Amino acid sequence: MERRAVWAIVVLGVWFGLAASGARAAARFDGLRWYHSEDAGRLVLNEDYQLVWMNPRAPDQVTVRLPEMRVSEVGDAAEVVYMFKAEGKKTGAASTDPTMLSGTGDLRIGLFDSNGKGHIERDGTGYKNEIWCGYLGYCARICPHLAVGTRREHSDAIPGKIMKRTKAFEEGVCESLLQEAGPYGGSLDVSGFGLELGVYSPLILRVERTGASTLVFSVTLNDVTYRYTDNDSNLQPKKIDAMAMYFPNPKAYSSITLAGCWFSCKPSTVTSGAPKGRVFKAYKPERKNRGD
C-alpha cells in the first residue's frame, strides 16, 4: 500500500513538473523557441512542421531568441529568411480588409540586440515587459497585402514605416518592444508589398553594416524591398539576437505561417550578398511618429 502511495506521489510530481515546464516550452520551430505573449495555444506547428500563428489579434506578440549575429564590423550582416504566408478575408471594409489601407501597418516585425538585458523565456508574459528596456534595433510596420505604391492618407492610414529604437532606456515607453511608437525615433514611410492572401513568399529581414557609423535595415517580401539607412552611431545594435512580431489591429487575418529552416539547416554566421528583387526607395523620412 505504501509503495502504491509512493508511486502515486511520483506520478503526480512528474505530471505537475511537465505542466510547469509546458508553460515555458513554447513552440519549437527551426530549432528555436517561439513565445506567444497571450495564448500559447494559438502558436502551433502544423503537420508540415511550419509555425502557424492562429487567429492573430491585438495585442498578440510572438518573440524568439535568435543565434547571435554580429553587426559591429563593416561588412557584417544579420539576416533572417522564412517563407511567409497569411490567410485572411477580403471584407470590403477598410478597417478589416487586409488588402485595404487602414491603421499603421497590419504586422509589426523587428530585429533586435538584447544588449545584455536577457530574453523572454515563457509564454503569456504580455506585450510589455521591463526586460525590453535596453533592447536596440529596428521595427518595420508592414502591410503585406496592400498594393505597391500606396501612400499614406493621414496619421491613422499609413501603409508602412521603418523605425529605429532610439528611446530604448526611457522609462514608461521602453517596456513596449513593438506595440507603441514611443520607443522609436525618426521614421521612414514605406508602401505595400502586393502579396496575395494565401500565397507564400520569402520574407527577408536584414541588418547590414556598410560603414563605421552606418547600418542598413531592409525588409523584403514578394520581391519588393524597402531599406532604412541609419547613419547615427548612437544606440545602434552591435549584434542581432532577438526577433519579434506584433499584431496591432482588427484586420481579418485567420493565420500567419512561417516555413523553412534558416538556422537549423545551416550554420548561423555572418551572411553576405543582398537579396534580389525589386528595390523601392522609401518616402521622405519623418522626424516624428504620430501613429501608434
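Along each chain, residues carry numbers from 1 onward, in the same order as the chain's sequence is written. In keeping with the predicted nature of the model, local features appear solely for residues at pLDDT of at least 70, side-chain atom pairs appear and are counted solely at 80 or more, and the whole-chain, interface and lining totals rest on all residues. By convention in this description, side-chain values take in all heavy atoms of the structure and omit both hydrogens and water.

Draft legend 1. Region of the structure containing the nonpolar core. We call a set of buried residues a nonpolar core when its members are Ala, Val, Leu, Ile, Met, Phe, Trp, Tyr or Cys and they connect through side-chain atoms within 4.5 Å of each other. Residue burial is assigned from relative accessible area. The probe radius is 1.4 Å, only protein chains are included, and a residue is buried under 20% of its type maximum, exposed over 50%, and partly exposed in between. In terms of nonpolar packing, the biggest core is built from 50 residues, with Trp34, Leu66, Tyr82, Phe84 and Leu111 touching the most fellow members. Counting from the N terminus, the helices are DSSP H or I runs at least four residues long and the strands are E runs at least two residues long. Of all the elements, strand 6 (residues 77-88) adds the most residues to this core, at six residues. Contacts between residues were defined by any pair of non-hydrogen atoms, one from each residue, lying within 4.5 Å. When neighbours within four sequence positions are excluded, Phe84 is seen to be in contact with Leu107, Pro144, Leu195, Val199, Tyr200, Ser201, Leu203, Leu221, Ile256, Thr257 and Leu258. In this structure, Tyr35, Phe112, Met163 and Tyr246 belong to the second largest nonpolar core, which totals 13 residues.

Draft legend 2. Structural context of the packing of aromatic side chains. Two rings from Phe, Tyr or Trp (for Trp, the six-membered ring) form a pair when their centres are within 6.5 Å of each other. A pair whose planes differ by under 30 degrees is stacked, one over 60 is edge-to-face, and the rest are tilted. This structure, assessed with the given rule, holds ten aromatic pairs. Arranged with centres 6.1 Å apart and planes meeting at 55°, the rings of Tyr127 and Tyr246 form a pair that is tilted. Taken together, the residues span a long stretch of sequence, with Tyr127 in the loop between strand 7 (107-113) and strand 8 (136-142) and Tyr246 in strand 14 (residues 239-246) at a distance of 119 residues. When the ring of Phe247 is compared with that of Tyr253, the centres are 5.6 Å apart and the planes differ by 85°; the resulting orientation is edge-to-face. Tyr253 matches Phe247 in its accessibility class, with the two residues each being buried. The structure contains a cluster of three or more aromatic residues connected by ring pairs, namely Phe29, Trp34 and Tyr82.

Draft legend 3. Broad picture of the pattern of salt bridges. Salt bridges, as used here, are contacts in which a Lys or Arg side-chain nitrogen is within 4 Å of a carboxyl oxygen on Asp or Glu. Applying the stated criterion to the full structure yields eleven salt bridges. Glu79 is the partner of Arg206 in a salt bridge, and the nearest nitrogen-oxygen pair spans 3.0 Å. With Arg206 in strand 11 (residues 201-211) and Glu79 in strand 6, this pair connects stretches of sequence that are 127 residues apart. Accessibility expressed as a relative area gives 8% for Glu79, which makes it buried. Linking Lys239 and Asp113 is a salt bridge whose minimum nitrogen-to-oxygen distance equals 2.5 Å. Residue Lys239 is located in strand 14, and its partner Asp113 is located in strand 7; the two are separated by 126 residues in the primary sequence. Classification of Lys239 as buried rests on a relative accessible area of 16%.

Draft legend 4. Expanded view of the confidence of the model for the chain. Every residue carries a pLDDT, the predictor's confidence in it, which falls somewhere between 0 and 100. Summing up the model confidence of the chain, the mean pLDDT is 86 and the portion of residues at 70 or higher is 82%. Here residues 1-23 is a poorly scored stretch, pLDDT under 50, and it has two contacts once near neighbours within four places are set aside; other chains count. The model gives residues 268-292 a pLDDT under 50, and that stretch makes 76 contacts with residues more than four places away or in other chains.

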